[in-house]
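Per-entry structural report
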Amino acid sequence: MDTIIFDVDDTLYDQAQSFHLTFKKLFNEQLTDEELDQLYRTSRKYSEILFDKSEAGEISQFEWQTGRIIAACEDFGIPIDIEKAVKFHEVYVFEQQNITLFDDVKQLLDKLYQDGNQLAILTNGEEDHQSKKIRQLDLAKWIPKENIFISGSIGHAKPKREVFDFIDDKLGLNGTKTVYVGDSFEKDVVGAKQVGWQAIWMNHRRRNVPNNADFVPDEEVHSAKELLELFVK
Ligand SMILES: [Mg+2]
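Residues numbered from 1 in each chain as written. Predicted model: local features only at pLDDT ≥ 70, side-chain atom pairs only at ≥ 80, totals over all residues. Heavy atoms only, no water.

**A look at helix α5 (residues 103-114)**
Condition: The helix count covers DSSP runs of H or I at least four residues long, the strand count covers runs of E at least two residues long, and both are numbered beginning at the N terminus. Multiplying one less than the number of residues by 1.5 Å gives the expected span of a helix. When accessible area is computed with a 1.4 Å probe and restricted to protein chains, residues below 20% of their type maximum are described as buried, those above 50% as exposed, and intermediate ones as partly exposed. Arc, as used here, means the arc of the directions from the helix axis to the C-beta atoms.
With 12 residues, α5 extends 17 Å between its outermost C-alpha atoms, agreeing within 8% with the 16 Å of an ideal straight helix rising 1.5 Å per residue. Among all positions in α5, only V105, L108, L109 and L112 are buried. Seen from one end, α5 has its buried residues packed into an arc of 100°, which puts them on one side. Seen from the buried face of α5, the exposed residues on the opposite side, beyond 90 degrees, are D103 and Q114. Two residues or fewer past α5, G116 is found with a positive phi of approximately 80°.

**What about the domain arrangement of the protein chain?**
Which entries qualify depends on this criterion: Reported domain spans reflect what an automatic or database domain assignment gives. Any two residues whose heavy atoms approach within 4.5 Å are treated as being in contact. Buried area is understood as the total, over both parts, of accessible area removed when two parts are fitted together, assessed with a 1.4 Å probe.
By the assigned domains, the protein chain splits into domain 1 (3-13 + 99-231) and domain 2 (16-98). Each of domain 1 and domain 2 was reduced to a C-alpha centroid, and the two centroids are 23 Å apart. Of the residues lining the interface, 17 residues belong to domain 1; the matching set on domain 2 comes to 18 residues. Interface area for domain 1 against domain 2, summed over the two sides, is near 1400 Å², with a carbon-plus-sulfur share of 43%.

**Thoughts on helix α4 (residues 82-95)**
In this model, α4 (14 residues) spans 20 Å end to end at C-alpha, consistent with the 20 Å of a helix rising 1.5 Å per residue. Turning to α4, its buried residues are A85, F88, H89, V91, Y92, V93 and E95. Of the surrounding secondary structure, the elements contacted by the buried residues of α4 are α1 (16-26), α2 (33-55), α3 (61-75) and α6 (127-136).

**Regarding the coordination of the magnesium ion**
The condition that has to hold: In this analysis a donor is any N, O or S atom within 2.8 Å of a metal ion (3.2 Å for sodium, potassium and calcium), and since water is not included, sites may seem incomplete.
Bound to the magnesium ion are the protein donor atoms D7 (OD), D9 (O) and D183 (OD), situated 2.1 to 2.3 Å from the metal. Every donor residue of the magnesium ion comes from the same chain, spaced as D-x1-D-x173-D.

**So, the environment of G182**
Mapped onto the elements, G182 comes out in strand β4 (residues 178-182). Leave out the neighbours within four places in its chain, and G182 touches D7, T11, D188, I200, W201 and M202.

**Some points on the sheet that holds strand β1 (residues 3-6)**
Strand pairing in a sheet relies on backbone hydrogen bonds. The paired strands run either parallel or antiparallel. Defined as follows: For two strands to pair, DSSP has to find at least two bridges joining them. Here an axis means a line fitted to C-alpha atoms, over the contact stretch when the element is a helix, while the angle between two N-to-C directions is reported on a 0 to 180 degree scale.
Strand order in the open sheet made by the 6 strands is β3-β2-β1-β4-β5-β6, with parallel pairing throughout. The open sheet has two edge strands, β3 (148-150) and β6 (219-221), and neither has a second partner. Adjacent strand axes in the sheet meet at a mean angle of 20° when their direction is disregarded. As defined by bridge partners, strand β2 (residues 118-123) adjoins β3 across 3 bridges and the pair is classed as parallel.

What follows is the structure, encoded as structure tokens:
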């Protein structure tokens, strides 16, 4: 039996949408869609860096959740203080109540489920926050509760090998028949390849491969549509 494991944020749904809506609600700055997208990407970059620091116990979760928007705004010369950053995080979480799966991802999950594959989720973040999104996306329709893994409750986060080994153990996986799908090269592709899983890089933001990358993904796709097409041949 094949096992297909998915990342959640920005792999199954468009994470930029709630960011854009939140920014438009709270800031008067008139940014073009392109500028707003740049700001979103910058905040994601800081989010990854600060998440790792919070995992390492160097900063608090609060500092991670507020620090990413503060650092991004500073890069763009947009004034922001801590109060506004707290508000931003609150509204952002609120907006995530409206996230929906990419249409092609929905079709993909239907197909993989009907074909009898084992499906699972592996996502980085706090248990509460991630669980809310998983509920909103209705993932229980395709994925049993015991196959949903959130780093906050495992105690290790991607790309650490421990988190992948943990799932290997829990699901009794065969690496060559296990595929991981995610949008982050550093967290998802590297994480999966180091334990011998196959990796599909859902690179819909067209990011570059990092310098000195030790691994290459087995497949790279640039949209949910291309991802679906990989499985429907
Ligand atoms: Mg992701």
